[in-house]
Amino acid sequence: MTNGEKEKFKKVIKVTDQVQPLVSLSKKPTEPKIVVNLRYIKRKILIMSGKGGVGKSTVAANLAIGLALHGYRVGLLDCDIHGPTIPTIFGMESMSPEVSEEGIMPIDVFPNLSLMSVGFLLEDKDSPIIWRGPLKMGMIEKLLGDVVWGDLDFLIIDLPPGTGDEPLSLALLIPNIDGSVIVTTPQDVALVSVRKSIEFSKKLNVPIIGIVDNMHGLICPHCGKPIEVFKNGGVEKASKDFNIPILARLPIEPKVAKMEDKGTIVQEMLEHDTDWQKKFENFVIAVEKALMEK
């Protein structure tokens, strides 16, 4: 290379540009906020359903309460962006989270149970959230990365129905999900969707803890005998086809709907005086056993 060519080369690329400063070599790569935040959470559970209206949020809320009453530290994250119902179920629609230097503080129900929902972040509770995918994904990342959950034994994540943006994003963002609970009702139309949720979990390598067969009959208030409201048998078939256990068969219970409308779910769950609540307690024990044995 001639001297003229060397001079041209130096003008294009400076030697100092190729040397990495020693300070930068000693720095450790920054971990994503979500990874750091979720490191303190022992168990992460997705509550899923193939379609809406099957009682998914009811199952998520009562599971969180049940585990907390067993002495665990529990967080409940409502990731239904368009239809958040957890604030209503707990009677906390008017509450707003505090923001500290560390991040967004979840709302405490009692010392070992805390909640977070996009419903707490809305100024007008009646305003619809009209967002496309990127905005929803940004909100989910914020709920996972900026909410200061602290040390938890369980984080229960209430997903919106279906297998679209929100469930997919959560499954990809959260490292090492411990399992999913799939909620369905006995109708064939619900079971078509629930089979898709099962395949969704399998393709994303999320272990399936089991199925909840909700609205499984109605207890007659006069004679106390069960009444079959929907056709039965489909949940059992799905359970056998996919080799997934049925964790609970919960009857239609008007009292549960009333306590959610009134926001008295915590007080009522302390009583355990209905057939629904007794069967749900067995479901909580089944989830606890399945995860703590892992």
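Quantities reported herein were computed from a predicted structural model and do not represent experimental measurements.

A. Examining the overall build of the protein more closely. A tally of regular secondary structure across the protein gives twelve helices and ten strands. A buried classification covers 47% of the 294 residues belonging to the protein. Across the protein, contacts joining residues at least 24 apart in sequence account for 77% of those joining residues at least 6 apart. When the accessible surface of the protein is totalled, it reaches about 15,600 Å², and 55% of it is carbon and sulfur.

B. Local environment of the nonpolar core. Counting residues in each nonpolar core, the largest one holds 71 residues, and the members touching the most others are Phe90, Ile156 and Phe283. Among the elements that make up this core, the one with the highest residue count is helix 4 (residues 56-69) (eight residues). Residue contacts for Phe283: discarding those within four places in its chain leaves Val59, Leu63, Val181, Val212, Leu247 and Ala248. Of all hydrophobic cores here, the second largest spans nine residues; its members include Ile182, Ile208, Ile211 and Val235.

C. Focus on the sheet that holds strand 3 (residues 107-110). In spatial order, the strands read 3-4-2-5-1-6-7-10; together these eight strands make up an open sheet with mixed pairing. The strands lining the two open edges of the sheet, one partner per strand, are strand 3 and strand 10 (246-249). Taking the axes of each pair of neighbouring strands and ignoring which way they run, one obtains an average angle of 20 degrees across the sheet. Taken together, the five bridges between strand 6 (residues 179-184) and strand 7 (residues 208-213) define a ladder with parallel strand orientation. By the bridge assignment for strand 7, Ser180 is matched with Ile208. Against the sheet, helix 9 (residues 234-242) makes contact with strand 6, strand 7 and strand 10, and its axis sits at roughly 170 degrees relative to strand 10, the strand it touches most.

D. Geometry of helix 4. The terminal C-alpha atoms of helix 4, which comprises 14 residues, lie 20 Å apart, in line with the 20 Å expected from a rise of 1.5 Å per residue. Within helix 4, 13 of the 14 residues are buried, which leaves it mostly tucked inside the rest of the structure. Positive backbone phi, at 100 degrees, marks Gly71, one or two positions downstream of helix 4.

E. Quick peek at the pattern of salt bridges. Evaluation of the coordinates by the stated rule reveals seven salt bridges. A salt bridge links Lys142 to Asp146, with the nearest nitrogen and oxygen atoms 3.0 Å apart. With relative accessibility at 16%, the residue Asp146 sits in the buried group. Between Asp241 and Arg195 there is a salt bridge, with its nearest N and O atoms 3.0 Å apart. Of this pair, Asp241 sits in helix 9 while Arg195 is found in helix 8 (residues 188-203), placing the two residues 46 residues apart along the sequence. Connected through shared salt-bridge partners, Lys42, Arg73 and Asp153 make up one network.

F. Representation of the side chain of Ser57. Looking at where Ser57 falls in the secondary structure, it is placed in helix 4. The exposure class assigned to Ser57 is buried, which follows from its relative accessible area of 12%. Here the side chain of Ser57 touches Thr85 through a polar contact of 3.2 Å, side chain to side chain. Within the structure, the side chain of Ser57 is placed 2.6 Å from the side chain of Asp158, a separation counted as a polar contact. If we ignore the near neighbours within four places in the chain, the residues touching Ser57 are Thr85, Ile86, Ile89 and Asp158.

G. A look at the side chain of Asp178. Positionally, Asp178 belongs in the loop between helix 7 (165-173) and strand 6. Residue class for Asp178 comes out buried when judged on its relative accessible area of 10%. At 2.8 Å, the side chain of Asp178 forms a polar contact with the backbone nitrogen of Lys44.

H. Structural context of the UniProt feature "binding site: ATP" (unreviewed entry) in the protein. As annotated by UniProt and renumbered to match this structure, "binding site: ATP" (unreviewed entry) occupies Gly50, Lys51, Gly52, Gly53, Val54, Gly55, Lys56 and Ser57. Within the element layout of this structure, Gly53 appears in the loop between strand 1 (41-48) and helix 4. Gly55 has contacts with Val183, Asn214 and Met215, leaving out every residue within four places of it along the chain.

I. Examining the packing of aromatic side chains more closely. Under the counting rule described, the total for this entry stands at three aromatic pairs. Geometrically, the ring pair formed by Tyr72 and Phe154 is edge-to-face, given 5.1 Å between the ring centres and 90 degrees between the ring planes. Pair noted here: Tyr72 is in the loop between helix 4 and strand 2 (74-78) and Phe154 is in strand 5 (residues 152-158), with a separation of 82 residues, a long-range link. Taking the relative accessible area as the measure of exposure, Tyr72 reaches 15% and is therefore buried. Overall, Phe154 belongs to the buried group, its relative accessible area being 0%. Centroid distance Phe280 to Phe283: 5.1 Å. Interplanar angle 75 degrees. Geometry classified as edge-to-face. With a gap of three residues between them, Phe280 and Phe283 both fall in helix 12 (residues 275-292), about one helical turn apart. By relative accessible area, which is 0% here, Phe283 ends up buried.

Basis of the calculations
- Residues numbered from 1 in each chain as written.
- Predicted model: local features only at pLDDT ≥ 70, side-chain atom pairs only at ≥ 80, totals over all residues.
- Heavy atoms only, no water.
- Helix = DSSP H or I, 4+ residues; strand = E, 2+ residues; numbered from the N terminus.
- Buried < 20%, exposed > 50% of the residue type's maximum accessible area, 1.4 Å probe, protein only.
- Contact = heavy atoms within 4.5 Å.
- Areas by Shrake-Rupley, 256 points an atom, 1.4 Å probe, with all protein chains shown as cover.
- Core = buried A, V, L, I, M, F, W, Y, C linked by side-chain atoms within 4.5 Å.
- Pairing = 2+ DSSP bridges.
- Axes fitted to C-alpha atoms, helices over the stretch in contact; angles between N-to-C directions.
- Expected span 1.5 Å × (residues − 1).
- Salt bridge = Lys/Arg side-chain N within 4 Å of Asp/Glu carboxyl O.
- Polar contact = N/O pair within 3.5 Å; in protein donor to acceptor, adjacent residues only side chain to side chain.
- UniProt positions renumbered as here; feature names shortened; annotations may be inferred.
- Phe/Tyr/Trp six-rings, centres within 6.5 Å; stacked < 30°, edge-to-face > 60°.

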